[in-house]
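# Examination of the molecular architecture
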Amino acid sequence: NIAQGGLTELLPDESYYWIYSNYFDWGFFDHPPLVALWILISDYFFSDELGVRFFSAVSFSLMSYIVWLTIDHPRKNEYAWLFVLIYFSTALINVYGFITTPDTPLMLFCALFLFAYQQYLKSKSLLSYLLLTISISGMMYSKYQGLLIILFVVLSNWKLVKDYKLWLVCLFSLFIYVPYLHWQWINDFPSFRYHLEERVSYQSYKLEYTLTHFLNTLVIVGFTFPIIYKAFFKNISTKKKFSKSLNFIIIGFFMFFFIASFRGRVQAQWIVAISIPLILISFDYLIKDKNSRKWFIRLAFVNISLLFIIRVLISNEEILPV
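A brief report on the enclosed structure follows. (Residues numbered from 1 in each chain as written. Predicted model: local features only at pLDDT ≥ 70, side-chain atom pairs only at ≥ 80, totals over all residues. Heavy atoms only, no water.)

### Re the packing of aromatic side chains
- A complete count under the given rule lists 41 aromatic pairs for this structure.
- Between Tyr 16 and Tyr 20, the ring centres sit 5.0 Å apart and the planes meet at 55°, which makes this aromatic pair tilted. Taken together, the residues span about one helical turn, with Tyr 16 and Tyr 20 both in helix H2 (residues 12–22) at a distance of four residues.
- Tyr 20 gets classed as buried once you look at its relative accessible area, which sits at 6%.
- For the pair Phe 258 and Phe 262, a centre-to-centre distance of 5.3 Å together with 90° between the ring planes defines the contact as edge-to-face.
- Taken together through their ring pairs, the aromatic side chains of Trp 26, Tyr 141, Tyr 144, Tyr 177, Tyr 180, Trp 183, Trp 185, Phe 189 and Phe 192 make up a single cluster. (Phe/Tyr/Trp six-rings, centres within 6.5 Å; stacked < 30°, edge-to-face > 60°. Helix = DSSP H or I, 4+ residues; strand = E, 2+ residues; numbered from the N terminus. Buried < 20%, exposed > 50% of the residue type's maximum accessible area, 1.4 Å probe, protein only.)

In structure tokens form, the structure reads like this:
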């Protein structure tokens, strides 16, 4: 990812966030400030493209390890190769190893949040509460979709509201978030006004907006989508609290942005957070289902091959000058 990040021209959005990093503040027009911090850290070590992307490669590797730690299966070490195959064949998630957008830190803290929640369900240890506080704060300082992840996990397990320590977690997270809210206050809430009013498409509804949303749910996964979503549907009836929370995140994001598609165009990266729950669910399922595993392996190699070709193309302007 470091090599890819250094050889690939910046996206226009990345140049936009680089401007953020040059005027670092507690908030920016349409996003919280963590994307700018990612660039500031990168800029400390490198210049040019890697001065924007270096820390994204680091955080992607850290996210990968956290997702691996979150898997709680007695045979997981035996199937480490399968995890690698699932993880690196899931199309869109791999983009955040070499580009820097608000989704890049969001994905890291989403992975940490799910790991922390799993540890909370096991032991309710002090460490789990601390990790929940850090991950909630991190998600909210990354992108507003973080609030959806938290909401859907709570909806999956209403008994969480009975734990007063979780209310303290929320209180401390809110305290950490105060500087951002203060920035919104003194600047007349530009981000809220933009996302709730100004960016909404006032054109008449187009069916393509909703169809694009359905297509996005497949594109973020790639050609393995028949097996990945088969695993998800097989997991729907689970009674396990953690698996249930993963289902709620996937269904919740799908429904939320399905409704949003009636207001305007939706983008694939808006639902990329469901990639981590899909990976966790698929790993458990593919260990058990040998026939699905065979088909998945074939499709995964198609995905990985295409991703490799695309990555070579976008890093070589002589081949693909776009």
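### Quick look at helix H6 (residues 103–123)
- An ideal rise of 1.5 Å per residue puts 30 Å on 21 residues; H6 measures up with 30 Å between its terminal C-alpha atoms.
- Within H6, 17 of the 21 residues are buried, which leaves it mostly tucked inside the rest of the structure.
- One or two steps after H6, the chain reaches Lys 124, where phi turns positive at roughly 50°. (Expected span 1.5 Å × (residues − 1).)

### Quick notes on the pattern of salt bridges
- What the rule picks out here adds up to six salt bridges.
- For Glu 14, the salt bridge is made with Arg 53, and the minimal N-O distance between the two is 2.6 Å. In this pair, Glu 14 sits in helix H2 while Arg 53 sits in helix H4 (residues 50–70), placing the two residues 39 residues apart along the sequence. Residues Glu 14 and Arg 53 agree in their burial class; the two are buried.
- The residue Asp 103 makes a salt bridge to Lys 143 at a minimum N-O spacing of 2.8 Å. Taken together, the residues span a long stretch of sequence, with Asp 103 in helix H6 and Lys 143 in the loop between helix H7 (126–142) and helix H8 (145–156) at a distance of 40 residues. One exposure class covers both Asp 103 and Lys 143, and it is buried. (Salt bridge = Lys/Arg side-chain N within 4 Å of Asp/Glu carboxyl O.)

### Examining the packing of H4 against H6
- Two numbers describe how H4 lies on H6: the axes approach to 9 Å, and their chain directions differ by 20°. Taken together, the axes of H4 and H6 lie roughly parallel to each other. Crossing hand, H4 versus H6: left-handed. When H4 is examined against H6, the residues Ser 56, Ser 59, Leu 62, Met 63, Ile 66, Val 67, Leu 69 and Thr 70 are found in contact with a partner set consisting of Thr 104, Met 107, Leu 108, Ala 111, Leu 112, Leu 114, Phe 115 and Gln 118.
- Its residues assigned to classes, the contact of H4 with H6 comprises 11 nonpolar, five polar and no charged. (Axes fitted to C-alpha atoms, helices over the stretch in contact; angles between N-to-C directions. Parallel < 35°, antiparallel > 145°, perpendicular 65-115°, else oblique. Left-handed = near helix turned anticlockwise from the far one by under 90°. Contact = heavy atoms within 4.5 Å. Nonpolar A, V, L, I, M, F, W, Y, C, P; charged D, E, K, R; others polar.)

### Comments concerning the packing of helix H5 (residues 80–89) against helix H14 (residues 275–288)
- Between H5 and H14, the least distance of the axes is 10 Å, while the angle of their chain directions is 140°. By the angle class used here, H5 and H14 are oblique. Two packed elements cross with a definite hand, and for H5 against H14 that hand is right-handed. Contact with H5, carried on its side by Leu 82, Phe 83, Ile 86 and Tyr 87, involves Ile 279, Ser 282, Phe 283, Leu 286 and Ile 287 of H14 and no other residues of that element.

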